[in-house]
Amino acid sequence: MSREYHFHCEHAGCSVTVGLRMGRTRELELLVDGKEVAAARVHGHRARTRVMTAILPTDPPRGIEVEVTLPGALRGDPVSVLLADGARRPMPAREVPRRSRPTEASWYS
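Bear in mind the structure is a predicted one, so any value in this text is a computation, not a measurement. For every chain, the first residue of the written sequence is number 1, and numbering continues from 1 onward in sequence order. For this predicted model, a pLDDT threshold of at least 70 governs which residues receive local features, and a threshold of 80 or more governs which side-chain atom pairs are given and counted, while totals over whole chains, interfaces and linings are taken from all residues. To obtain the side-chain values, all non-hydrogen atoms of the structure were included, while hydrogens and water were left out.

Undergrad: Describe the nonpolar core, with residues and values.
TA: Of all hydrophobic cores here, the largest spans 24 residues; its most connected members are Val-16 and Val-66. Secondary structure elements are taken from DSSP: a helix is a run of H or I of four residues or more, a strand is a run of E of two residues or more, and numbering for both begins at the N terminus. Of all the elements in the fold, those that place two or more residues in this core are strand 1 (3–11), strand 2 (14–22), strand 3 (25–32), strand 4 (35–43), strand 5 (48–56), strand 6 (62–70) and strand 7 (79–84). It is strand 2 that provides the largest number of residues to this core, a total of five residues. Whether two residues are in contact is decided by their heavy atoms: any pair within 4.5 Å suffices. With near-sequence residues (within four places) excluded, Val-16 lies in contact with Phe-7, His-8, Cys-9, Leu-30, Leu-31, Leu-56, Ile-64, Val-66, Leu-82 and Met-91. By convention a nonpolar core is built from buried Ala, Val, Leu, Ile, Met, Phe, Trp, Tyr and Cys residues, the set being connected through side-chain atoms within 4.5 Å. Relative accessibility thresholds used throughout: buried, under 20% of the residue-type maximum; exposed, over 50%; partly exposed, between the two (1.4 Å probe, protein chains only).

This is the structure we're talking about:
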């Protein structure tokens, strides 16, 4: 069973979102204005930090980095920080809608 997390913030007029699926393999994706610009897969359950980079579609284009700190196997929640313009800005977590499981009645219909 996997858990999903989303982190989001606005920077320089652009929407920056990090999606993270914690399971056997941890999958990260970085979205800018709803388009995937970077992705990573992390194997294992050790605590570690992964940095993803992107270029914002502004005039002139700006580079950003997003630092995602992954927890160890049994403790903590992940944290995401936007690194841009020489500043570190925490990205707040967003509610992830739970996917509904099929009910027993739907299995037999």
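This is not the end of the story, as more comes after the structure.
Undergrad: Which residues make up the pattern of salt bridges, and what are the values?
TA: Just to be clear on terms, a salt bridge is a Lys or Arg side-chain nitrogen sitting within 4 Å of an Asp or Glu carboxyl oxygen. If you walk through the whole model with that rule in mind, you get four salt bridges. Arg-41 is the salt-bridge partner of Glu-27, the closest N and O atoms lying 3.1 Å from each other. You can see Glu-27 sitting in strand 3 and its partner Arg-41 sitting in strand 4, a full 14 residues away along the chain. We classify Glu-27 as partly exposed; its relative accessible area is 30%. Close ionic contact of Arg-88 with Glu-67 constitutes a salt bridge, the shortest N to O distance being 3.0 Å. Taken together, the residues Arg-88 in strand 8 (residues 87–90) and Glu-67 in strand 6 connect sequence positions 21 residues apart. Taking relative accessible area as the criterion, Arg-88 reaches 54% and is therefore assigned exposed. Given a relative accessible area of 17%, Glu-67 falls into the buried group.

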